[in-house]
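Per-entry structural report
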Amino acid sequence: MTAEVSVNCAVDCVNGCILGEKCPNREHIAKATSFMNETSLDKMHEIAEAALRKKMSQPPKWVIPDFPE
């Protein structure tokens, strides 16, 4: 009997994937690697600037915190 181990990739794999070939997100790794290999750093910078301009042109989103009573 093998126990299923749940892994929070955002927390547990910060320094690299801990599951290796058993990682359920392998397709994302391949896409990210392909993007990094095929896209120049200048193009990545342009993409980031466009995303920032889009975000800065949107109206602010107000978040009202829940205060404990």
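Residues numbered from 1 in each chain as written. Predicted model: local features only at pLDDT ≥ 70, side-chain atom pairs only at ≥ 80, totals over all residues. Heavy atoms only, no water.

Quick notes on the overall build of the chain
Note the cut-off: Each helix is a run of DSSP H or I of at least 4 residues and each strand a run of E of at least 2, with the numbering of both proceeding from the N terminus. The reference for a compact globule is 2.2 Å times residues^0.38; the radius of gyration itself is calculated from the C-alpha atoms. For every residue, the accessible area obtained with a 1.4 Å probe (protein chains only) is divided by the maximum for its type, and the residue is called buried under 20%, exposed over 50%, and partly exposed between those limits. Accessible areas in this description were obtained via Shrake-Rupley with a 1.4 Å probe; residue shielding takes into account the shown protein chains only. Positive charges are assigned to Lys and Arg, negative charges to Asp and Glu, while His and the chain termini are left out of the count. Each charge is placed at NZ for Lys, CZ for Arg, CG for Asp and CD for Glu.
In terms of helices and strands, the chain carries three helices and zero strands. When the helices and strands of the chain are listed from N to C terminus, the series reads α-α-α. The C-alpha atoms of the chain give a radius of gyration of 19 Å, which is well past the 11 Å a tight globule of 69 residues would have. Along the first, second and third principal axes, the C-alpha set of the chain runs to 55 × 50 × 20 Å. Per-residue burial over the chain gives 4% buried out of 69 residues. When the accessible surface of the chain is totalled, it reaches about 7000 Å², and 59% of it is carbon and sulfur. The average position of the 8 basic charges and that of the 10 acidic charges among the side chains of the chain differ by 6 Å.

Topic: a nonpolar patch on the surface
As a reminder of what qualifies: Each patch is assembled from residues with relative accessible area greater than 30% and no salt bridge, linking like charges that lie within 9 Å and nonpolar side chains (Val, Leu, Ile, Met, Phe, Trp, Tyr) that lie within 5 Å. Salt bridge criterion: a side-chain nitrogen from Lys or Arg within 4 Å of a carboxyl oxygen from Asp or Glu.
The grouping of Phe35, Met36 and Ile47 at the surface amounts to a nonpolar patch, some 290 Å² of accessible area in total. Within the element layout of this structure, Met36 appears in helix H2 (residues 26-38).

Details of the pattern of salt bridges
For side chains bearing opposite charge, pairing can occur when the charged atoms are close. Counted according to the given criterion, the structure contains two salt bridges. In this structure, Glu21 engages Arg26 in a salt bridge whose closest nitrogen and oxygen atoms are separated by 3.5 Å. When its relative accessible area of 67% is taken as the criterion, Glu21 is described as exposed. Among the residues examined, Arg26 registers a relative accessible area of 35% and is labelled partly exposed. Between Glu46 and Lys43 there is a salt bridge whose closest N-O contact spans 4.0 Å. Taken as a pair, Glu46 and Lys43 lie in helix H3 (residues 41-57) at a separation of three residues, close to a single helical turn. Among the residues examined, Glu46 registers a relative accessible area of 44% and is labelled partly exposed. Residue classification places Lys43 among the partly exposed residues on the basis of a relative accessible area of 42%.

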